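Architecture and fold: a report
This is what each chain is made of:
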Amino acid sequence: MPTPSAESFWPWPEGDTAHVPYRVFTDTELFQREQERIFQGPTWSYVGLEAEVPEEGCFRTTHIGDVPVILSRSKDGQVHVLINRCSHRGALVLHEACGRHKRFNCVYHQWGYDPDGTLRAVPFKNGVEGQGGYCGVDMDMKALSLRRLRVEVLNGLVFASFREDTPPLREYLGGVWPQLTRVFDGRKLQVLGYLRQRVRANWKLYFENVKDPYHAGLLHLFVATFGLFRSTQRGETLAEPSGCGHLISYKGGAEEHREEYEQQGITTYQKGYQLRAPELMRKLPDFRDDIAVSIQTVFPSLVIHRISNSIATRHVLPRDVNDFDLIWTLLGYADDTVELRNQRILQANLVGPSGYISLEDVEALEIVQRGIQGERGDAAFVALGGTQVQYGEPERDLANETAIRGFWKTWRTLMGV
């Protein structure tokens, strides 16, 4: 494919999936349009875990795009996702990160809501000593309840959508469903801890990163040196029309290619490095298959990984065009042995803001964001493995950018770009 001139990248030529204009990462108007067309569009956004709201009145506050929401559990045991905006004057009803209240009271004027969002209490509704109040006003308490979003729960994962025409979650996930339910198989989950970081880059760069398998052996010294991943080992990547996808690699193939690393001069491989605590790399029996690493993405807000015995959700929360928050929730199963639970906690050192195999990702994204400032119509070139998009059929190699191209095709469809 001929390389277009710089000026031709915007407007983005129809059908071009091999070039990604840098403007999509820096344009504030596009960022605002994403809030309406993606986060409030026909998508399923991850909100949290059922395990995080185990009892009546338990809640966590978070966001879907730029909209503040509450994940809560009501008296009947149902999980809800509510817009965290008082119907009176628009204040946040709950501003704590998490907690438990039988009634959610807005601090501003004390309007009170049940954990399912139903408005129950309005101070001075009938006035004071017969004066004032809402006398003569058609005050429909039900209509003034907190807005409930459409919710689906998949084996402990809670998703919400603003739209009634969003396909059912199973249909939305497509070919990602089998891998997702392999990790979230219905066993009761246990939260082991949280990690949080602010990333000075556009949120979409992170989704590109996790859909790009081959960077791992080139960027991450720990991965290359200790044989966790090699681009030539068996694996597959998958792109779905919804923007969801997965990346899996199989055991074997990483350690056998250390000689090739040296021959090619790949500097992330350091022959003489050793671990002072080799138990970090110990793999306890967990899943009955030969998958070494699995990463699932559920567009537009969730990444899930299983790396050795480490299991976590990564929640992507856009803040503005140049910033997003990344929330890591480290998980195990309630029926884990003490030994396995401790190994999962130990392997938290592999991931997160200072993780041995995650540390460089954020730095890479931030130097991209800095590098593309002031662009004048330039574009990234994502043609490894071809220029086409293959939805629903796995690519059987780990040195391709097909899933990135699929991501952008979906993004363009939703955004009308």
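Here we summarise the structure given alongside this text. (Residues numbered from 1 in each chain as written. Predicted model: local features only at pLDDT ≥ 70, side-chain atom pairs only at ≥ 80, totals over all residues. Heavy atoms only, no water.)

**Looking at the packing of aromatic side chains**
For the structure shown, the criterion picks out 13 aromatic pairs. With a centroid separation of 5.7 Å and an interplanar angle of 75 degrees, the aromatic rings of Phe 299 and Phe 407 are classed as edge-to-face. Placement of Phe 299 in the loop between strand E15 (291–298) and strand E16 (302–307) and of Phe 407 in helix H10 (residues 402–415) is noted, with a sequence separation of 108 residues between them. A residue is classified by how much of its surface remains accessible, and Phe 299, at 0% relative accessible area, is buried. For Phe 407, a relative accessible area of 1% corresponds to the buried category. These aromatic residues form a ring-pair network of at least three members: Trp 12, Phe 25, Phe 39, Trp 203, Phe 207, Phe 299, Phe 407, Trp 408 and Trp 411. The cationic tip of Arg 182 hangs over the ring face of Phe 287; the distance from NZ or CZ to the ring centre is 4.7 Å. Cation over ring: Arg 412 sits above Trp 12, and NZ or CZ is 4.2 Å from the ring centre. (Phe/Tyr/Trp six-rings, centres within 6.5 Å; stacked < 30°, edge-to-face > 60°. Helix = DSSP H or I, 4+ residues; strand = E, 2+ residues; numbered from the N terminus. Buried < 20%, exposed > 50% of the residue type's maximum accessible area, 1.4 Å probe, protein only. Lys NZ or Arg CZ within 6 Å of the ring centre and 35° of its normal.)

**Section: the sheet that holds strand E7 (residues 104–105)**
Strand order in the open sheet formed by three strands is E7-E8-E9, with antiparallel pairing between adjacent strands. What marks the edges here is a single partner per strand, and that holds for E7 and strand E9 (119–121). (Pairing = 2+ DSSP bridges.)

**Regarding the nonpolar core**
Grouped together as the largest cluster of nonpolar side chains are 85 residues, with contacts concentrated most on Phe 159, Leu 180, Tyr 206, Phe 324 and Trp 408. Among residues more than four places away in sequence, those in contact with Tyr 206 are Val 303, Arg 314, Val 316, Phe 324, Leu 326, Trp 328 and Leu 365. Among the nonpolar cores identified, the runner-up in size contains 15 residues, and Phe 59, Cys 106, Leu 119 and Val 122 belong to it. (Core = buried A, V, L, I, M, F, W, Y, C linked by side-chain atoms within 4.5 Å. Contact = heavy atoms within 4.5 Å.)

**Digging into the packing of helix H4 (residues 203–210) against helix H9 (residues 359–371)**
Taken N-terminus to C-terminus, the directions of H4 and H9 make an angle of 130 degrees; their axes are 10 Å apart at the nearest point. By the angle between their directions, the pair H4 and H9 is classed as oblique. Regarding H4 and H9, the two cross each other, and that crossing is right-handed. Of the residues in H9, those in contact with Leu 205, Tyr 206 and Asn 209 of H4 are Asp 361, Leu 365, Val 368 and Gln 369. (Axes fitted to C-alpha atoms, helices over the stretch in contact; angles between N-to-C directions. Parallel < 35°, antiparallel > 145°, perpendicular 65-115°, else oblique. Left-handed = near helix turned anticlockwise from the far one by under 90°.)

**Looking at the pairing of strand E14 (residues 245–250)**
Of all the six residues making up E14, six are buried; the element is thus mostly covered by neighbouring parts of the structure. Burial of E14 is two-sided: the residues Gly 245, Leu 247 and Ser 249 facing one way and the residues His 246, Ile 248 and Tyr 250 facing the other way are all buried. The pairing of strand E13 (residues 235–239) with E14 spans five bridges and is antiparallel. Opposite Glu 236, over in E14, you have Ile 248 as the bridge partner. The pairing of E14 with E15 spans six bridges and is classified as antiparallel.

**Focus: H9**
Between its first and last C-alpha atoms H9 spans 19 Å; for 13 residues at 1.5 Å apiece the expected length is 18 Å, and the two agree. Where H9 is concerned, the buried positions are Asp 361, Val 362, Ala 364, Leu 365, Glu 366 and Gln 369. (Expected span 1.5 Å × (residues − 1).)

**Notes on unusual backbone geometry**
A cis amide bond links Phe 299 to the next residue, Pro 300, at an omega of 10 degrees. Relative to the elements of secondary structure, Pro 300 occurs in the loop between E15 and E16. Here Asn 155, not a glycine, exhibits a phi torsion of approximately 45 degrees, which is positive. With respect to the element layout, Asn 155 can be found in the loop between strand E10 (150–154) and strand E11 (157–161). Among the residues examined, Asn 155 registers a relative accessible area of 33% and is labelled partly exposed. In this model, Ser 308 sits at a positive phi of 55 degrees, which is unusual for a non-glycine residue. If you trace the backbone, Ser 308 turns up in the loop between E16 and strand E17 (310–320). The exposure class of Ser 308 is buried, given its relative accessible area of 12%.

**Quick look at the state of the cysteines**
Inspection of the entire model under this criterion finds zero disulfides. Here Cys 98 is not disulfide-linked; the sulfur of Cys 58 is the nearest cysteine sulfur, at 9.2 Å. Residue class for Cys 98 comes out partly exposed when judged on its relative accessible area of 42%. With no disulfide partner, Cys 106 has as its closest neighbouring cysteine sulfur the one in Cys 86, 4.0 Å distant. Residue classification places Cys 106 among the buried positions, given a relative accessible area of 1%. (Disulfide = S-S within 2.5 Å.)

**Quick notes on the pairing of strand E18 (residues 323–333)**
For E18, a buried count of eleven out of eleven residues is recorded, marking the element as mostly surrounded by other parts of the structure. The alternating pattern of E18 places Asp 323, Asp 325, Ile 327, Thr 329, Leu 331 and Tyr 333 and Phe 324, Leu 326, Trp 328, Leu 330 and Gly 332 on opposite faces, both of which are buried. In the sheet, strand E12 (residues 189–199) pairs with E18 via ten bridges, with the strands oriented antiparallel. Among the inter-strand pairings, Gln 190 is bridged to a residue of E18, identified as Gly 332. Relative to E18, E17 runs antiparallel, the two sharing nine bridges. The residue of E18 that forms the bridge with Pro 318 is Phe 324. With antiparallel pairing between neighbouring strands as the criterion, E17 and E18 make up a hairpin whose turn holds two residues.

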